[in-house]
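# A structural walkthrough
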Amino acid sequence: MFRTSLRNVLAHKARLLMTVLAVLLGVAFVSGTLVFTDTLGKAYADQSAKDYKGVAVAVSTEDQHRLTAHDLDTIRDAPGVATVTGRVSGFAGVAGPDGKLIGTGWSNKGANFAPDSHGRDPSYAFRHGNGPRDARHIALDARSAAAGGYHVGDRVRVATDGPVRTYTLSGVFTTHDGAVQAGGSLVLFDTAQAQHLYLPGGRAGRFMDATVTASPGASDTAVLAAVKRLLPHGATADTGSALAGQDARTAAQSLSSLNKILLAFAGIALFVGVFLISNTFTMLVAQRSRELALLRAIGASRRQVRRSVIVEAALVGLAASVAGFVLGLGLAVGLRSVMGSFGARVPAGPLVVGGDAVAAALGVGVLVTLLAAWLPSRRAAKIPPVAAMSSAHAPAGTRSLVVRNCIGAALAAVGAAGIAGGASVGGDSGRMLIAGGAFLLLIGVIVLIPLLSRPAVALVRPLLRAVFGTPGNLASRNAVRNPRRTGATASALAIGLTLVTGLTVLGVTLGSAVDRMTTDSVRGDYMVSMASGSTLAPSVASELAKVPGVTAVSPQQAVDLRVGGHYHSASAVTPGAVERVLTMDTVDGSLRTLAKGEVAVARKTAASNGWHVGDRLRVTYDDDRKGTLTIGATYEDNQFLSPLVVSTAVVAPHEKEPYIPQVWVKTAGGASAAHEKALVHALGDSPAFTFQDRQDIRQSYGGFVNTALALLYALLAMALIIAVLGVVNTLAMSVFERRREIGMLRAIGLDRARVKRMIRVEAVVISMFGAVLGVVLGTFLAWAIGRTIRGELPGYELVLPWGRIALFLVLSALVGVLASLWPARSAARLDVLGAVKTE
């Protein structure tokens, strides 16, 4: 029987091609994901090891407790210590020739150059020049120097948290620093200059961190024990290897989330592939019923027949899995390149092919193929020899679908109820209910699709007959001749279109809500912030207010207030200006009370706490001093404002170092290039500042939705490709199965053109049936999920993107046409006499 199975696979290799492709693509997705994440994990682990190469112990401190030169000398005298190097670092933005920031804002940093007795800092390898030797010079990493076109001796403008300074470039170096690898820049300053820039008050002789190297023969753990005994209060230490391992574990945890997301979409692709595989083996079993009956007649048992089909599936799955694994290696390399194209710099490293990736590829491919072939193998084993010998193809009757339809209806009803219930509950609990309901609903609809196909196709049959004539009429009848086959083919497309439509409707709705939020919530023309994400200096608002054409300026200072034992976030603003730059629609009271030292409360916060205008709140500030604030107004919630709003004058006595993430600016006549240039100039043409107009703000929020949607489309592409292969496979095998019928049609006058048209229309009918189901289910799921988040996103209203939905339907019809090209051509080229004689 094994030899028989092997011969059958070789004999039907053309008909098994689509099955091989479906398994191959799914396995490639799985293996590519595993190899990709393993490769990234190893690259980041190696990067962490390079960061701490030669470091026996690393010492770090808190803001209030810095290391002194005396502390370093004390550590240097500890047993086993070879060298101690003090480090100081912070944000440093390098301006390019166009004045714009080089590198990604948050990862641009500056540090001190700490030369040894030979004038070299072992952390950096200089390509040109040398390290800075005084406050007038800097060194720059090679990537940033190349991006800015800078060479040794050039003048370079650098911004830290203070004003922009111009330095002379003394050297260009390479480094394994993680910030540079993440797409940022690294500027090296003379140690005294770095201390002046990054330590409060420019405390000379102080350091934020220190690295310790060990003497020959000394172990890192012994050095760590010796160093720990000498550390000042507030300082901590660990071995370099431990810190490298910790960084590697952090990277692995981050990659774990990416791994799960990619594997989830790989699972979707394989799930869609199950329908194609099952359909293929079902049709092969039907076409080989005489052969199987003959095996039964000469003594093969049901178990042997079933096992022969399973062995065929295992052979197909194994061959496809091996090919898929090879393709997955190429996919892993491609994913790495794609990350680079999105601006993510991935550390260099070899491709890592672990045993788990190999085992998963082979195991998943073979297992999925076996599961998909299980039902066809059972049907093959049940073929009675005498009945099979009298009929080559015995299509399933509608009576056999009764149990299936009852089960499908029950699953669909429970699933729909779960989705509706989740939509009414809302929140995380509601979304969990929707997820469970969606699974049951999809399974139920998949089970019901054979039943649904008959009325759906009957509904469009008059139109097909009127438009395409006899070919259209024949195509509609062929589409429902075998409901199971049509259902399995349409199911693959329905699943893909359900996900695509659901994501599209949800994404467009979220994008529209975000757009309305920025449009309705922001009245100012510019939002000014630090490129590094750090705080703005209090003087920024006053400098911007002096710019000609500026009509209103308000900082948005982040504050925490404790009211009744509970923390509430607050925004400290400029009274009289804040309502001109941000929308604050008054519900009760007056915003003028902000200037009197009173507090304004967002409507939802006031309602949830039972607060009203005139109430007095006992508050505790960040410095633990207490006070009383009177509620002077309530206003409609604004996503750009905290629930509590006070004047900056109220919190100024309690905030020694205010945290101001944004300053909002209103200009006469709205945003313009001239206004932006004037604002940039007012802050010293510093690349450290980011200026965003309303369109930029919309893009920063809504752009994420569009990018996420594009990535999800790309991840779903594999499932959709497999669904298309399913249509091709069904039509091709259907043509083979119906050779005699097609020959008879040709014999009685149906020419080649109309035969092709019949196959094409049949393909379009099946594709559109699956597409319409997918669009309806996807829209229903998007509506339900939207109901659970509308309370968290003001202005949320379901938006149906009719243009995109129409495009999906048109593309589905086009898929049907393209999928039918090869089967239609094969059908049209059949030899009439040979086909009529086919048994």
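Preceding this section is the structure that the text describes.
Residues numbered from 1 in each chain as written. Predicted model: local features only at pLDDT ≥ 70, side-chain atom pairs only at ≥ 80, totals over all residues. Heavy atoms only, no water.

## Notes on the pairing of strand 16 (residues 550-563)
- With 10 of 14 residues buried, strand 16 lies mostly within the body of the structure.
- Across seven bridges, strand 16 lies against strand 23 (residues 659-667) in antiparallel orientation. Residue pairing for strand 23: V553 is matched across the bridge by V665.
- In terms of strand pairing, strand 16 meets strand 17 (residues 566-573) through seven bridges, oriented antiparallel. If you follow R562 over to strand 17, its bridge partner there is Y567. (Buried < 20%, exposed > 50% of the residue type's maximum accessible area, 1.4 Å probe, protein only. Helix = DSSP H or I, 4+ residues; strand = E, 2+ residues; numbered from the N terminus. Pairing = 2+ DSSP bridges.)

## With respect to the pattern of salt bridges
- In this structure the tally under the stated criterion is eight salt bridges.
- One salt bridge in this structure joins D121 and R87, with 2.8 Å as the shortest N-O distance. With a gap of 34 residues between them, D121 in the loop between strand 6 (109-113) and strand 7 (125-129) and R87 in strand 3 (residues 81-87) connect regions that are remote in the sequence. Across the pair, exposure class does not vary: D121 and R87 are buried alike.
- Here D751 makes a salt bridge to R754, at a shortest N to O gap of 3.6 Å.
- Since its relative accessible area comes to 30%, R754 is described here as partly exposed. (Salt bridge = Lys/Arg side-chain N within 4 Å of Asp/Glu carboxyl O.)

## Notes on a positive patch on the surface
- Where like charges cluster on the molecular surface, the positive patch consists of R302, R378, R379 and K382.
- Within the secondary structure, R378 is located in helix 11 (residues 355-381).
- R378 sits in the partly exposed class, given a relative accessible area of 33%. (Patch = residues over 30% accessible without salt bridge, like charges linked within 9 Å, V, L, I, M, F, W, Y side chains within 5 Å. Areas by Shrake-Rupley, 256 points an atom, 1.4 Å probe, with all protein chains shown as cover. Lys, Arg positive; Asp, Glu negative; His and termini not counted. Charge placed at Lys NZ, Arg CZ, Asp CG, Glu CD.)

## Some thoughts on the nonpolar core
- Among the nonpolar cores identified, the biggest contains 59 residues, and F29, V272, F281 and I722 are the most heavily contacted of them.
- Secondary-structure elements contributing two or more residues to this core are helix 2 (17-51), helix 8 (240-287), helix 10 (302-341), helix 11, helix 16 (483-521), helix 22 (694-737), helix 24 (752-789) and helix 25 (802-819).
- Residues contacting I722, with those up to four places away along its chain left out, are A22, L25, G26, A269, V272, G273 and L276.
- Core analysis: the second largest hydrophobic core is formed by 40 residues, L140, L197, M208 and L224 among them. (Core = buried A, V, L, I, M, F, W, Y, C linked by side-chain atoms within 4.5 Å. Contact = heavy atoms within 4.5 Å.)

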